[in-house]
Amino acid sequence: DENERSYSIAKTLDNEIFLSLRKHENGKCSSYLDGLSVKEKINGRIIKNINFRIPDHFERLILISNGTGIAPLLGMSFENDDRKQVDLIWGAKYSKTLKLFRNTINDLIDEERLSSMQVGYSQDPKLPKKYVQDIIIENKSNLFENFDEECFVMICGSVDMGNQVLNLVNNILIEYGKKSLNHYIDNEQIKIDTY
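All values reported here derive from a predicted model rather than from experimental measurement.

Caption draft 1: Summary view of the packing of aromatic side chains. Tallied over the full model, the rule gives 4 aromatic pairs. Summarising the aromatic geometry, the rings of F18 and F78 are spaced 6.1 Å apart at their centres and angled 80° between planes, so their arrangement reads as edge-to-face. Here F18, found in strand β2 (residues 17–18), pairs with F78, found in helix α2 (residues 70–78); they are 60 residues apart in sequence, far enough to count as distant. Comparing F18 with F78, the two get one shared label, buried. Pairing F147 with Y184 gives two aromatic rings, centres 5.1 Å apart and planes at 80°, and the pair type is edge-to-face. With a gap of 37 residues between them, F147 in the loop between α5 (140–144) and β6 (151–157) and Y184 in helix α7 (residues 181–186) connect regions that are remote in the sequence. Overall, F147 belongs to the buried group, its relative accessible area being 2%. The class of Y184 is buried, set by a relative accessible area of 5%. One aromatic cluster is present, built from ring pairs that chain together F144, F147 and Y184. Sitting over the face of the ring of Y7, R5 holds its NZ or CZ atom 4.4 Å from the ring centroid.

Written as structure tokens, this is what we have:
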């Protein structure tokens, strides 16, 4: 139909579009895209999201996502030309999902555009249940004890995950005697793109 569907995308070092989407059983757009052949052309347009972009200057970037929200955050890692510290925390349902991104992640780490990545799986029967919130709690001192004006947090993924992460980060900031969460949001040090 004529209704647009928006996806958060990234640009690779090869100037290609990089995105991730989940096929929904009754999803019109995801089913359509899933049915395309390799190299088949589609019409689309790019609308710049000026409110969710890698900062021009930073010393540390903390990227937090779940599900398909990983794509734009990996895109931010592609843009880390100065090789600053970029840490990615990602939550997926199953460990097999990581295979989709493994080569890209390894390339970013090898090129020192991504410093570290930690993953939690929420529904994999072979692994302990872990969410991004659990990873944040386990690493809270490393992530937020020295949080200052050169540190930025980018959150992308589900609305529920985003809200839970914001509440958690607020509590951690209070615990470490930092300014309020709203201060960092107003200062554009914490940015959110959830859906």
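Past the structure itself, the notes keep going.
Caption draft 2: Spotlight on the state of the cysteines. All chains considered together, the criterion is met by 0 disulfides. Note on C29: no disulfide assigned, nearest cysteine sulfur contributed by C156 at a separation of 17 Å.

Caption draft 3: Fine view of a nonpolar patch on the surface. A surface patch of nonpolar side chains, amounting to about 420 Å² of accessible area, comprises I9, I17, L19, L21 and I46. Mapped onto the elements of the fold, L21 is located in the loop between β2 and α1 (28–34). L21 sits in the partly exposed class, given a relative accessible area of 30%.

Rules used throughout
- Here, residues in each chain are numbered from 1, in the same order as that chain's written sequence.
- For a predicted model such as this one, the threshold for reporting local features is a pLDDT of at least 70, and the threshold for listing and counting side-chain atom pairs is 80 or more; totals across whole chains, interfaces and linings nevertheless cover every residue.
- Side-chain numbers here rest on the full set of heavy atoms in the structure, without hydrogens or water.
- To pair, rings of Phe, Tyr and Trp, with the six-membered ring standing in for Trp, must have centres within 6.5 Å; the planes then decide the type, stacked if under 30 degrees apart, edge-to-face if over 60, and tilted in the middle.
- A helix here means a DSSP run of H or I that spans at least four residues, while a strand means a run of E at least two residues long, and both kinds are numbered starting from the N terminus.
- Buried means the residue's accessible area, taken with a 1.4 Å probe over protein chains only, is under 20% of the maximum for its type, while exposed means over 50%, and partly exposed covers the values in between.
- Each ring is checked for a lysine NZ or an arginine CZ that lies within 6 Å of its centre and within 35 degrees of its normal; such an atom marks a charge sitting over the ring.
- In what follows, a disulfide is any cysteine sulfur pair within 2.5 Å.
- Residues forming no salt bridge and having over 30% relative accessible area are the ones grouped into patches, like charges within 9 Å of each other and nonpolar side chains (Val, Leu, Ile, Met, Phe, Trp, Tyr) within 5 Å.
- Computed by Shrake-Rupley with a 1.4 Å probe, the accessible areas treat only the displayed protein chains as cover when residues are assessed.
- Just to be clear on terms, a salt bridge is a Lys or Arg side-chain nitrogen sitting within 4 Å of an Asp or Glu carboxyl oxygen.

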